[in-house]
Amino acid sequence: MNTDDDRTRAVPIGGALAALALGAYMLPGLAGAWPRLRGPLGIEDRTADGRGYALTFDDGPHAQGTPAVLQILERERVPATFFLVGEQIRRNPSLPREILAAGHRLALHCDRHRNLLRLGPRQVREDLARAEDAIATAAGTAPELYRPPYGVANAAALRLAAARGWRTGGATGSGGRPRSRSRRG
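Let me begin by describing the structure that accompanies this report. Keep in mind that what you see is a predicted model, and the values were worked out from it rather than measured.

### A few points about the pairing of strand β2 (residues 56-60)
Note on strand geometry: in a regular strand, side chains alternate between the two faces of the sheet. By the bridge criterion, four bridges tie β2 to strand β3 (residues 81-85) in an arrangement that is parallel. Bridging across to β3, Asp-58 finds its partner in Phe-83. In this fold, the crossover linking β2 to β3 by way of helix α3 (residues 65-76) has right-handed handedness.

Listed below in structure tokens is the structure:
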């Protein structure tokens, strides 16, 4: 090759932009391990008043498990929030109304329990729309709170949650620092 070669050593800008876009899309997934990201991303990790604790259940409703949990919660007079999965609602369509009738809150988890970092924006949008519809159909109410599977969000999920007016709860862990007080009694 001769030194007067007409080719330039252009920086692969397209590749760099694609990597930057991918990084931005996946950045919310780090909020579970990096608590300082949660606030700027709009991911809540505390109770509304910042005190106490919130009892939550993910991945249901389950035909045997949910009624058993409801009995315990009633006996102990403890309120909870149930983050529901659309495909589980379709298997157990009466349980969301039972949860509400027992005085608990319903929230959206997903339609199929998949890691959002493996899904594209359209797949996330479709999954959450199916889950929202399943909750609204079975319970007669729309969710106002959202937590992604495994507490791991992506940019598409956060944009959709904001557009729908859902508060987003993230990782249930606290990065090693306690966030709640234990109940004594």
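### Some points on the packing of helix α6 (residues 121-139) against helix α7 (residues 155-164)
Two elements in contact, α6 and α7, have axes whose closest approach is 9 Å; the angle formed by their N-to-C orientations is 45°. Taken together, the axes of α6 and α7 lie oblique to each other. The element α6 and its partner α7 pack so that their crossing is right-handed. For the pair α6 and α7, contact is made by Pro-121, Val-124, Arg-125, Leu-128, Ala-129 and Glu-132 and by Ala-156, Ala-157, Leu-160 and Arg-164, respectively. For the contact of α6 with α7, the per-class residue count stands at seven nonpolar, no polar and three charged.

### Examining the side chain of Thr-81
With respect to the element layout, Thr-81 can be found in strand β3. Dropping the residues within four chain positions of it, Thr-81 is found in contact with Leu-55, Thr-56, Phe-57, Arg-105, Ala-107 and Leu-145.

### Here we look at the environment of Gly-86
Mapping Gly-86 onto the fold places it in helix α4 (residues 86-91). Residue Gly-86 is classed as buried on the basis of its relative accessible area, which comes to 0%. With 49 residues separating them along the chain, Gly-86 and Ile-135 place their C-alpha atoms 7.0 Å apart. Those residues in contact with Gly-86 that sit more than four places away from it in its chain are Cys-110, Asp-111, Ala-131 and Ala-134.

Thresholds, definitions, all that
Residues numbered from 1 in each chain as written. Predicted model: local features only at pLDDT ≥ 70, side-chain atom pairs only at ≥ 80, totals over all residues. Heavy atoms only, no water. Pairing = 2+ DSSP bridges. Helix = DSSP H or I, 4+ residues; strand = E, 2+ residues; numbered from the N terminus. Right-handed = clockwise from strand over helix to strand, strands pointing away. Axes fitted to C-alpha atoms, helices over the stretch in contact; angles between N-to-C directions. Parallel < 35°, antiparallel > 145°, perpendicular 65-115°, else oblique. Left-handed = near helix turned anticlockwise from the far one by under 90°. Contact = heavy atoms within 4.5 Å. Nonpolar A, V, L, I, M, F, W, Y, C, P; charged D, E, K, R; others polar. Buried < 20%, exposed > 50% of the residue type's maximum accessible area, 1.4 Å probe, protein only.

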